[in-house]
Structure formats: structure tokens, C-alpha cells
Amino acid sequence: FDPVTGLPNAHLFRRFARTECTEALLHDRSVALLSVGFDTAGGHSLTDVALQQCAANALATCLDDFDGALPIGEADNARHVARSRDDEYVLMLRDIASNDQIARAIEKISGEFIRLREQEQVNLSPVFGVAILPADGNEPDTLLRAARAARQEANVSGRDNCLHSPPANMPELQALDYAAELQNA
């Protein structure tokens with residue numbers, strides 16, 4: 001677990017995501033992986049421990065009752081979000097039937113950060129990147145790269161943005177997927 005936020009860390013997330021991706025492929029289900037970064041006041045990175053904890057708590061609690069949000073970790077400590085990097089959080093949504101499900105999760109998260117800005121003067125704005133299994137890849141690392149690329153593109157557009165767009169290097173990412181499948185065979 002991440003020592004600053006108490007959330008599952010990148011290692012736990014990857015282990016969990018591998019299992020979830022395999023299950024989704026076996027049962028012909030879609031899964032969305034969301035990469036969430038933050039635009040802070042003045043464009044600073046999310047290095048302040050208090051801001052990291054605030055972001056982690058807001059992300060973790062606002063999805064507790066969201067249908068389709070996947071808990072990561074053991075039952076007692078499971079959360080719906082993991083801290084992947086200093087200023088990146090990731091989450092997965094199961095059984096995606098339409099983009100509306102993803103949009104509702106993003107709206108719920110964005111709404112929580114609007115509330116934080118208005119009521120608690122915490123100046124954090126989420127920026128989202130989305131990758132969907134199987135359309136954007138078949139394994140967690142490829143999905144994460146695609147979601148990060150989409151988030152970086154969305155970040156250029158400013159605060160409270162989301163982008164799901166297969167990056168220009170998608171054939172390269174799919175080749176990595178294939179290589180990973182061969183490695184696991």
C-alpha cells in the first residue's frame with residue numbers, strides 16, 4: 001500500500017488489473033481504465049502531502065457506492081482507486097455497456113472536486129484519460145499507457161477535462177500487447 005495515502009500502490013494495482021483483464025477477456029466483458037491526474041493552482045505538481053491525501057480520500061470515497069467500480073486490494077482494505085505515481089491515480093470500471101457509465105463516474109469524481117474547491121478551498125481539478133479493454137488493448141500495461149497518453153492530451157486542454165482517444169502510436173501499443181501475450185504463453 002502507498003504510505004502517504006493508504007491506497008493500493010502501483011504494484012497491487014497491476015496485479016489486480018491483470019486478473020480483471022483476464023476475466024473480462026474470458027467472459028467477453030469491457031473494462032475501462034481511468035488515469036486521473038490533477039491540475040493544481042498555478043500548474044504545480046501534486047507534491048504536497050496534504051493535497052495528495054485530500055485527492056486520495058476524495059477519489060476513494062466518491063466511488064464507494066458507484067456500480068461497476070472495482071475494489072482493489074484485500075476485502076478489509078479494498079479501495080476503488082490506486083495511487084500509481086506521485087500525481088496519478090488509477091481506477092477500473094467493470095462491465096462497461098456504454099460510454100455513459102464512464103461519463104457518470106467522471107461526473108461523480110469531478111463533482112466531488114468542485115465541492116472541495118467551493119467548500120474547502122482545495123484547488124485541485126481532475127484531468128482524466130480513459131482506455132477501454134478490449135478496444136485499446138488487452139493487458140493492463142497497454143491500457144495504462146493508452147489512458148496516460150489520453151490524459152496528457154486532455155491536460156493540454158486545461159482543467160476538468162477527459163479524453164478517450166486511442167493515441168497515434170496504438171499499433172505500437174498493440175504490438176506490445178501481442179509481445180506480452182507471447183511472453184505469458
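Above this note sits the structure.
Let me begin by describing the structure that accompanies this report. (Residues numbered from 1 in each chain as written. Predicted model: local features only at pLDDT ≥ 70, side-chain atom pairs only at ≥ 80, totals over all residues. Heavy atoms only, no water.)

### Side note on the packing of helix α1 (residues 10-26) against helix α4 (residues 140-156)
Packed helix pairs are specified by the crossing angle of their axes together with the interaxial distance, meaning the distance between the axes.
Alright, step 1. Contact pair α1 / α4: the axes reach a minimum separation of 9 Å and the direction vectors enclose 105°. With respect to their mutual orientation, α1 and α4 come out roughly perpendicular. Of the residues in α4, those touching α1 at Arg14, Ala17, Arg18 and Cys21 are Pro140, Asp141, Leu143, Leu144 and Arg148.
Alright, step 2. The residue makeup of the contact of α1 with α4, split by class, is 5 nonpolar, no polar and 4 charged. (Axes fitted to C-alpha atoms, helices over the stretch in contact; angles between N-to-C directions. Helix = DSSP H or I, 4+ residues; strand = E, 2+ residues; numbered from the N terminus. Parallel < 35°, antiparallel > 145°, perpendicular 65-115°, else oblique. Contact = heavy atoms within 4.5 Å. Nonpolar A, V, L, I, M, F, W, Y, C, P; charged D, E, K, R; others polar.)

### What to know about the pattern of salt bridges
Alright, step 1. Taken as a whole and assessed by the stated rule, the structure comprises 8 salt bridges.
Alright, step 2. Through salt bridges that share partners, Glu20, Arg29, Arg94 and Asp95 make up one connected network. (Salt bridge = Lys/Arg side-chain N within 4 Å of Asp/Glu carboxyl O.)

### A few points about α1
Every α-helix winds through 3.6 residues per turn, so residues three or four apart in the chain are directed the same way.
Alright, step 1. End to end, α1 covers 24 Å across 17 residues, agreeing with the expected 24 Å (1.5 Å per residue, within 8%).
Alright, step 2. Inspection of α1 places Ala10, Leu12, Phe13, Phe16, Ala17, Glu20, Cys21 and Ala24 among the buried residues, and these make up the whole buried set. Projected onto a plane normal to the axis of α1, the buried residues spread over an arc of 155° and lie on a single side. Among the exposed residues of α1, those oriented more than 90 degrees off its buried face are His11, Thr19 and Leu26. (Expected span 1.5 Å × (residues − 1). Buried < 20%, exposed > 50% of the residue type's maximum accessible area, 1.4 Å probe, protein only. Arc of directions from axis to C-beta.)

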